[in-house]
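Listed here are the chains, written in short residue letters.
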Amino acid sequence: MTGHATGRMKYCVIVENGLIEERVFPLKTRLTIGRAPENDIVLGDSSVSRHHAVIHVIKGKPTVEDLGSSNSTFVNGEQIDKVTLCNGDKLLIGRISLRLYQGEHFPKRVGMKETQVVIEISKAPSLSNLLQLSHDQSSPTVGSDTERIEAIECELEKFREIQRDFFPNQMPDLPNWEIATCLHPAHEATGDFYDAFWLPGDYVGLVIADVCDKGMGSALFMSLIRSLIRVFSGETRLPGFSISHSDKGVDQFSALRAIALTNDYIAQEHEHTCMFATVFLGVLNPTTGLLVYINGGHEPLFIVSQTGKVQTLTPTGPAVGIMPCIEFKAQEVQLELGDILVGYTDGVTEAHAPSGELFTRKRLLSLLQEPAPSASAILERVKANLFAHIGDTKPSDDITMIALQRIPIAEG
């Protein structure tokens, strides 16, 4: 035995882009792929799930299987669950491209010419790094250093102020409903966002999203994607403005087309940036409590009943912007009196304690299952426990949550 699945066929998997030194991985029996360090192929990119996919040899043929990843696995542009691979097939794991190679002689294991390098926006300098850089650079006078620092601080404050204006300063006024939100950026700017706005037909759009990476690039894309979703969903009520639109016969599902349109625009017009976002877009009928939604690769949302029973709204498609012409499935769910819908970003579940322990989705669920009188109360409970868990540790990612409750009618 040679250690390979067959004595004649030799396979390897080549990582074609991304920040990874070793790019060629011989496939003997199986290769696990993901962001977690225990994988055979570790892809340290935020678009990749911790345990994303596995390639194994079955009866001499290489087969790839998606492991329930957030952003799905694609082979030659087609989303797959499990499929047999052929020589030269291209895999897309998040935004990292890999290719299966069959032959007797493999390419070099390192030093391959990169077809594309995905630059993590998180590597962009933060304010503290910029200020340190200013101090480290030699300058003729102390005054010029001070002026440079003040100029950086001034520009960043303007950026923060502009970005704050992209968040709604007041939520839609919905009788018998409560909307609560929180946002705690980890850096000077945020790639997370939430939104709530009126739509034709007296429906309400609800959004929670997380743009990949961190820093200024992520924040700019947050502004773009938020604007695209509002425009493509058909928002017609802006403070102080009125756009003529007939609400007669408006389909509640029609606003969800915003996800596919935003996806195609980002994937086609900004392909070179390799940026994407996980997005949940819900369209609520506040009269009936019916919520239709698309979950584009985002963390599962939870609906908590008055008795603590939890229903999970899992992804119905991959993240937005990875690849054009992707199918996003729409789902619907009924919110009953007292139900609370809770959305969050991975900055909550992956928040680190000083010991390095993660907050985890399991801990979040345990907090949600305890009865809460309101949407704001349930968020306050989670925040109190989350920041007690974090302690003095500086958060590594933005922390964002949104909660919506259908207020129960008081008896008597």
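All values derive from a computational prediction rather than experimental measurement.

**Details of the overall build of the chain**
Okay, step 1: Broken down by element type, the chain carries seven helices and 23 strands.
Okay, step 2: Buried residues in the chain amount to 49% of all 412 residues.
Okay, step 3: A sequence separation of at least 24 residues applies to 64% of the contacts in the chain between residues at least 6 apart.
Okay, step 4: By element, 52% of the accessible surface of the chain is carried by carbon and sulfur atoms, the whole surface being about 20000 Å².

**Observations concerning the pairing of strand E5 (residues 53-58)**
Okay, step 1: Burial within E5 is extensive, with five of its six residues counted as buried.
Okay, step 2: What sits between E5 and strand E6 (residues 61-66) in their antiparallel hairpin is a turn of two residues, with Lys-59 showing a positive phi close to 50°.

**Focus: the sheet that holds strand E20 (residues 310-313)**
As a general point, the strands of a sheet are linked pairwise by backbone hydrogen bonds and lie either parallel or antiparallel.
Okay, step 1: Ordered by their spatial adjacency, five strands build an open sheet running E12-E23-E22-E19-E20, and the pairing between neighbours is antiparallel. Unpaired on one side and paired on the other, strand E12 (177-184) and E20 mark the two borders of the sheet. Averaged over all adjacent pairs, the angle separating strand axes in this sheet is 15°, with direction ignored.
Okay, step 2: Relative to strand E23 (residues 399-406), E12 is paired through eight bridges, and the arrangement is antiparallel. Bridge assignment links Leu-183 to a residue of E23, and that residue is Thr-400.
Okay, step 3: The strands touched by helix H6 (residues 361-368) are strand E19 (301-304), E20 and strand E22 (340-344); relative to E19, the strand with the most contacts, the crossing angle is about 20°.

**A look at the confidence of the model for the chain**
Okay, step 1: Here the chain averages 83 in pLDDT, while 81% of its residues score no lower than 70.
Okay, step 2: Across residues 105-128, confidence stays below pLDDT 50; counting only partners more than four residues off in sequence or on other chains, it has 57 contacts.
Okay, step 3: With pLDDT under 50 throughout, residues 137-142 is counted as low confidence; its partners more than four residues away or in other chains account for five contacts.

**Comments concerning the packing of helix H3 (residues 216-233) against helix H4 (residues 257-269)**
Okay, step 1: In contact at an axis separation of 8 Å, H3 and H4 are set at 135° when each is read in the N-to-C sense. Compared by their axis directions, H3 and H4 come out oblique. The crossing of H3 and H4 is right-handed. Side by side, H3 and H4 meet where Phe-221, Leu-224, Ile-225, Leu-228, Ile-229, Phe-232 and Ser-233 of the first sit next to Arg-257, Ala-258, Leu-261, Thr-262, Tyr-265 and Ile-266 of the second.
Okay, step 2: Residues that form the contact of H3 with H4 fall into these classes: 10 nonpolar, two polar and one charged.

**What about the pattern of salt bridges?**
Okay, step 1: In this structure the tally under the stated criterion is eight salt bridges.
Okay, step 2: Linking Asp-195 and Arg-226 is a salt bridge whose minimum nitrogen-to-oxygen distance equals 3.5 Å. Here the residue Asp-195 occupies a position in strand E13 (residues 192-199), and Arg-226 occupies one in helix H3, the gap between them amounting to 31 residues.
Okay, step 3: Classification of Asp-195 by relative accessible area gives buried; the value is 2%.
Okay, step 4: Linked through salt bridges whose partners overlap, the residues forming this network are Asp-195, Arg-226 and Arg-230.

**Side note on the packing of H6 against helix H7 (residues 375-390)**
Okay, step 1: The interhelical angle for the contact between H6 and H7, taken along N-to-C directions, is 140°, at an axis separation of 10 Å. One way to sum up the angle between H6 and H7 is to call them oblique. Where H6 crosses over H7, the handedness of that crossing is right-handed. Every residue of H7 that contacts H6 at Arg-363, Leu-364, Leu-367 and Leu-368 is listed here: Ile-378, Arg-381, Val-382, Asn-385 and His-389.
Okay, step 2: Classifying every residue of the contact of H6 with H7 by side-chain character gives five nonpolar, two polar and two charged.

Thresholds applied
Each residue is numbered by its place in its chain's sequence as written, counting from 1. Predicted model: local features are reported for residues with pLDDT of at least 70 only, side-chain atom pairs are reported and counted for 80 or more only, and whole-chain, interface and lining totals are derived from all residues. Only hydrogens and water are set aside; all other atoms, that is, all heavy atoms of the structure, feed into the side-chain values. Secondary structure follows DSSP: runs of H or I at least 4 residues long count as helices, runs of E at least 2 residues long count as strands, and numbering of each begins at the N terminus. Accessible area is worked out with a 1.4 Å probe on protein chains only. A residue is then buried under 20% of its type maximum, exposed over 50%, and partly exposed in between. The contact rule is simple, with two residues in contact once any of their heavy atoms fall within 4.5 Å. Surface accessibility follows the Shrake-Rupley procedure with a 1.4 Å probe radius. Residue values consider only the protein chains on display as shielding. At least two bridges found by DSSP between two strands are what make those strands a pair. Axis geometry follows a simple rule: fit a line to the C-alpha atoms, using only the stretch in contact for helices, then measure angles between N-to-C directions, giving values from 0 to 180 degrees. The predictor reports its confidence for every residue as pLDDT, a score running from 0 up to 100. Comment on the angle field: the value is read as roughly parallel under 35 degrees, roughly antiparallel over 145, roughly perpendicular from 65 to 115, and oblique elsewhere. Should the near helix be turned anticlockwise from the far one by less than a right angle, the crossing is termed left-handed; should it be turned clockwise, right-handed. Gly falls in the polar group here, along with every residue not listed as nonpolar (Ala, Val, Leu, Ile, Met, Phe, Trp, Tyr, Cys, Pro) or charged (Asp, Glu, Lys, Arg). We define a salt bridge as a contact between a side-chain nitrogen of Lys or Arg and a carboxyl oxygen of Asp or Glu at a distance within 4 Å.

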